[in-house]
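Spelled out from the first residue to the last, the chains are:
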Amino acid sequence: MLDDLRDVVRGHYVDPKLTAKRIASLGAPKTAVLLREHVPTRKKARSGDLGEVLATEFAELELQYHVPIRRLRWKDGREMALRGDDIIGVGRTNKDKLLLLKGESKSRATLSTAVLDEAGGALDSDRGRPTRHSVLFVAERLRELGEDDLAEELEDAVLASFRGISVAHMLFVLTGGSPKNLLEVHLKGAAKKKRLRHAIGVRIKDHAKFIELLFGGL
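These notes cover the structure that comes with them. (Residues numbered from 1 in each chain as written. Predicted model: local features only at pLDDT ≥ 70, side-chain atom pairs only at ≥ 80, totals over all residues. Heavy atoms only, no water.)

### Section: the packing of aromatic side chains
In step 1: Applying the stated criterion to the full structure yields two aromatic pairs.
In step 2: Centre to centre, the rings of Phe 58 and Phe 172 are 6.3 Å apart; their planes meet at 50°, and the pair counts as tilted. Here Phe 172 lies in strand β3 (residues 166–175) and Phe 58 lies in helix α4 (residues 43–61), a separation of 114 residues in the sequence.
In step 3: Between Trp 74 and Phe 137, the aromatic rings sit 6.2 Å apart at their centres with planes inclined by 85°, giving edge-to-face as the arrangement. Of the two residues, Trp 74 sits in the loop between α4 and β1 (87–92) while Phe 137 sits in helix α6 (residues 132–144), which places them 63 residues apart along the sequence.
In step 4: For Trp 74, a relative accessible area of 31% puts it in the partly exposed group. (Phe/Tyr/Trp six-rings, centres within 6.5 Å; stacked < 30°, edge-to-face > 60°. Helix = DSSP H or I, 4+ residues; strand = E, 2+ residues; numbered from the N terminus. Buried < 20%, exposed > 50% of the residue type's maximum accessible area, 1.4 Å probe, protein only.)

Quick look at the structure:
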């Protein structure tokens, strides 16, 4: 199971197609060395990256949104956090209209109200809509990948300032303690804003040790 998760994490840093090409031309050992150039060594950066990886996977597998861009592939430094919304997901209504998911992920050994408030503030910013820059970032990467139709939809959404587009929120936390009570309180406050918000908590009791073990095997 840990090996499966490592495969998922690797794919968030480097496209598996690129990895396959490198293995074919350079061999597996050299490919592994190059992969590790993308992987952070500091605890905080590893924790944050794993939270974003799991949040992305949850959005796709459980909430059924398509997250078209793996943001970690575009980090400009292995230890640096990316700016903008953590997750931009794309969905469809029954009438094939565009739906958007704005997500924030947090990974902490010990969760606190302050951490949830910070994430909630990010979700509520820009009137609860995704930041224009974050959506354009996704659209431009899609253009580079040849996925022009979806890119154009996202660009049109930005040009229209997201008018007429339903936006849902996702708050994802990875923590060493039980997040249940804190998330319940958070959701009660968020309900006043009348925008759908998903709150997901994943508990790993040995939070720091697990992250060290996971990344140590990449």
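Here the narrative resumes.
### What about the packing of α4 against helix α9 (residues 207–216)?
In step 1: Closest axis-to-axis distance for the α4/α9 pair is 10 Å, and the angle between their directions is 85°. By the criterion of interaxial angle, the relationship of α4 to α9 is roughly perpendicular. Residue-level inspection shows Arg 46, Ser 47 and Leu 50 of α4 in contact with α9, the latter providing His 207, Phe 210, Ile 211, Glu 212, Leu 214, Phe 215 and Gly 216.
In step 2: Across the contact of α4 with α9, the residue classes tally to five nonpolar, three polar and two charged. (Axes fitted to C-alpha atoms, helices over the stretch in contact; angles between N-to-C directions. Parallel < 35°, antiparallel > 145°, perpendicular 65-115°, else oblique. Contact = heavy atoms within 4.5 Å. Nonpolar A, V, L, I, M, F, W, Y, C, P; charged D, E, K, R; others polar.)

### A few points about the pattern of salt bridges
In step 1: Tallied over the full model, the rule gives 18 salt bridges.
In step 2: In this structure, Arg 73 and Asp 15 form a salt bridge, with 3.8 Å as the shortest nitrogen-oxygen distance. With Arg 73 in the loop between α4 and β1 and Asp 15 in the loop between α1 (2–13) and α2 (16–26), the pair connects residues that are 58 residues apart, well separated along the chain.
In step 3: Note on Arg 73: relative accessible area 28%, which makes it partly exposed.
In step 4: For Arg 78, the salt bridge goes to Glu 37, with nearest N and O atoms at 3.9 Å. Of this pair, Arg 78 sits in the loop between α4 and β1 while Glu 37 sits in the loop between α3 (28–36) and α4, placing them 41 residues apart in sequence.
In step 5: The class for Glu 37 is exposed, based on a relative accessible area of 54%.
In step 6: Shared partners join several salt bridges into a network, and the residues in it are Glu 52, Arg 71 and Asp 86. (Salt bridge = Lys/Arg side-chain N within 4 Å of Asp/Glu carboxyl O.)

### Remarks on helix α5 (residues 113–124)
Every α-helix winds through 3.6 residues per turn, so residues three or four apart in the chain are directed the same way.
In step 1: For α5, spanning 12 residues, the distance from its first C-alpha to its last is 16 Å, which sits close to the expected 16 Å at 1.5 Å a residue.
In step 2: The complete set of buried residues in α5 reads Val 115, Leu 116, Ala 119, Gly 120 and Leu 123. In an axial view of α5, the angular spread of the buried residues amounts to 130°, which keeps them on one side of the axis.
In step 3: The inward-facing, buried residues of α5 contact β2 (98–108), β3, α8 (180–190) and β4 (197–203). (Expected span 1.5 Å × (residues − 1). Arc of directions from axis to C-beta.)

### Regarding the pairing of β3
On a regular strand, each side chain points to the face opposite its neighbour's, so the side chains alternate between the two faces of the sheet.
In step 1: Counting buried positions over the 10 residues of β3 gives nine, a clear majority of the element.
In step 2: Pairing of β2 with β3, which is carried by 10 bridges, proceeds in the parallel orientation. Bridging from a neighbouring strand, Leu 101 pairs with Ala 168 of β3.
In step 3: Two elements, β3 and β4, share seven bridges in a ladder whose sense is parallel. Residue pairing in the sheet places Thr 175 in a bridge with Arg 203 of β4. (Pairing = 2+ DSSP bridges.)

### Focus: the sheet that holds β2
In step 1: One open sheet accounts for four strands, arranged β1-β2-β3-β4; its pairing is mixed. Of all the strands in the sheet, just β1 and β4 have a single pairing partner and so form its edges. Neighbour to neighbour, the strand axes of the sheet diverge by 20° on average, direction disregarded.
In step 2: Relative to the sheet, α8 contacts β3 and β4, its axis offset from that of β4 by approximately 170°.

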